[in-house]
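# Analysis of the macromolecular model
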Amino acid sequence: MVEKLKVGTLISGGGTNLQAIIDACNQGRIDAEIVFTGSDVDGVKGLDRAKKAGIDTFVVDYARIIADCREIQDIDSLLPKDFDLDVILEKQRLVDVEKNREKALSFIKSRVIAERRLLDHIESYDMDLLVLAGFMRVLTPYFIDRINAGALEHRIMNIHPALLPAFPGIDGYGDTFRYGCKIGGCTVHFVDYGEDTGPIIGQKAFEIGDDDTLEDVKEKGLQKEWELYPACIQKFAQSR
């Protein structure tokens, strides 16, 4: 019997990709089991999907943590003991520290504080792969280095709504549509220290018709996402 890949998942919303992965696991299309689903937002539908499937869930309220960090004068007192600012600044490619150092440091530190809360949950599970299934938060090197097994051993997977490296960022389908592209698509990639810059695992494309609206583009994209993500997780499982 093939040993199943142990997958952790993080979400921020409805969890349609999570559902596609759950279904693929149940149907035997992925040699994997989901061991937890975490969210940065409480009460989202994705958590209900996970609970219905018998998956452990937890919430780390990013918005509350970030708000608390803005109120406290000594934010450094909340940082984890193994936090090394110099190491983070050397690796990260998310914010321009030179442009506004105070704002950049506040961003990095507040995210690390939230990430430590995530890690406190995640580290209680035996996990082979972390899948971002609509998790709408960037990850700092602090978090990435504690999940990855080494510099070249990626263990965090993400799906992006565009054919990377075109249109990185939060609105891939919208950017694709507004640019006038006749081909759209989605990309599954590993997470590195930049925004949507990690090694590409797989892509699926679709045609954009002259009469298609942005909603049409998003719907076509989601259909491709639900096919692509399980296939890429299975590819990872088979490569172990």
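Before any of the text, the structure's been laid out above.
Residues numbered from 1 in each chain as written. Predicted model: local features only at pLDDT ≥ 70, side-chain atom pairs only at ≥ 80, totals over all residues. Heavy atoms only, no water.

## Observations concerning the pairing of strand β5 (residues 156-160)
With 5 of 5 residues buried, β5 lies mostly within the body of the structure. Of the two faces of β5, the one carrying I156, N158 and H160 and the one carrying M157 and I159 are both buried. Here strand β4 (residues 129-132) runs beside β5; their pairing, made up of 3 bridges, is parallel. Bridged to L132 within β5 is N158. Pairing of β5 with strand β6 (residues 183-190) involves 4 bridges; the strand directions are antiparallel. Bridge pairing in β6 links H160 to T187. (Buried < 20%, exposed > 50% of the residue type's maximum accessible area, 1.4 Å probe, protein only. Helix = DSSP H or I, 4+ residues; strand = E, 2+ residues; numbered from the N terminus. Pairing = 2+ DSSP bridges.)

## Things to note about the packing of aromatic side chains
For any pair of aromatic rings, the description rests on two quantities: the centre-to-centre distance and the angle between the ring planes. Per the counting criterion, the structure on display carries 6 aromatic pairs. A centroid spacing of 4.9 Å and a plane angle of 40 degrees characterise the contact between F36 and Y125, whose relative ring orientation is tilted. Here F36, found in strand β2 (residues 32-39), pairs with Y125, found in the loop between α5 (101-122) and β4; they are 89 residues apart in sequence, far enough to count as distant. Residue F36 is classed as buried on the basis of its relative accessible area of 0%. Accessibility expressed as a relative area gives 24% for Y125, which makes it partly exposed. With a centroid separation of 6.4 Å and 55 degrees between ring planes, the pair formed by Y173 and F206 is classed as tilted. Residue Y173 is located in helix α7 (residues 172-179), and its partner F206 is located in strand β7 (residues 200-207); the two are separated by 33 residues in the primary sequence. (Phe/Tyr/Trp six-rings, centres within 6.5 Å; stacked < 30°, edge-to-face > 60°.)

## Section: the sheet that holds β2
With mixed pairing, 7 strands are arranged side by side in an open sheet as β3-β2-β1-β4-β5-β6-β7. If you trace the sheet from one side to the other, it starts and ends with β3 (57-59) and β7, each paired once. Put simply, the sheet's adjacent strands are angled 20 degrees from each other on average, direction ignored. Where strand β1 (residues 5-11) and β2 come together, 7 bridges link them in parallel fashion. When the bridges of β2 are listed, L10 appears paired with G38. Strands β1, β2 and β3 of the sheet are contacted by helix α2 (residues 45-52), whose axis makes an angle of about 155 degrees with β3. Against the sheet, helix α8 (residues 214-239) makes contact with β1, β4, β5, β6 and β7, and its axis sits at roughly 155 degrees relative to β7, the strand it touches most. (Axes fitted to C-alpha atoms, helices over the stretch in contact; angles between N-to-C directions. Contact = heavy atoms within 4.5 Å.)

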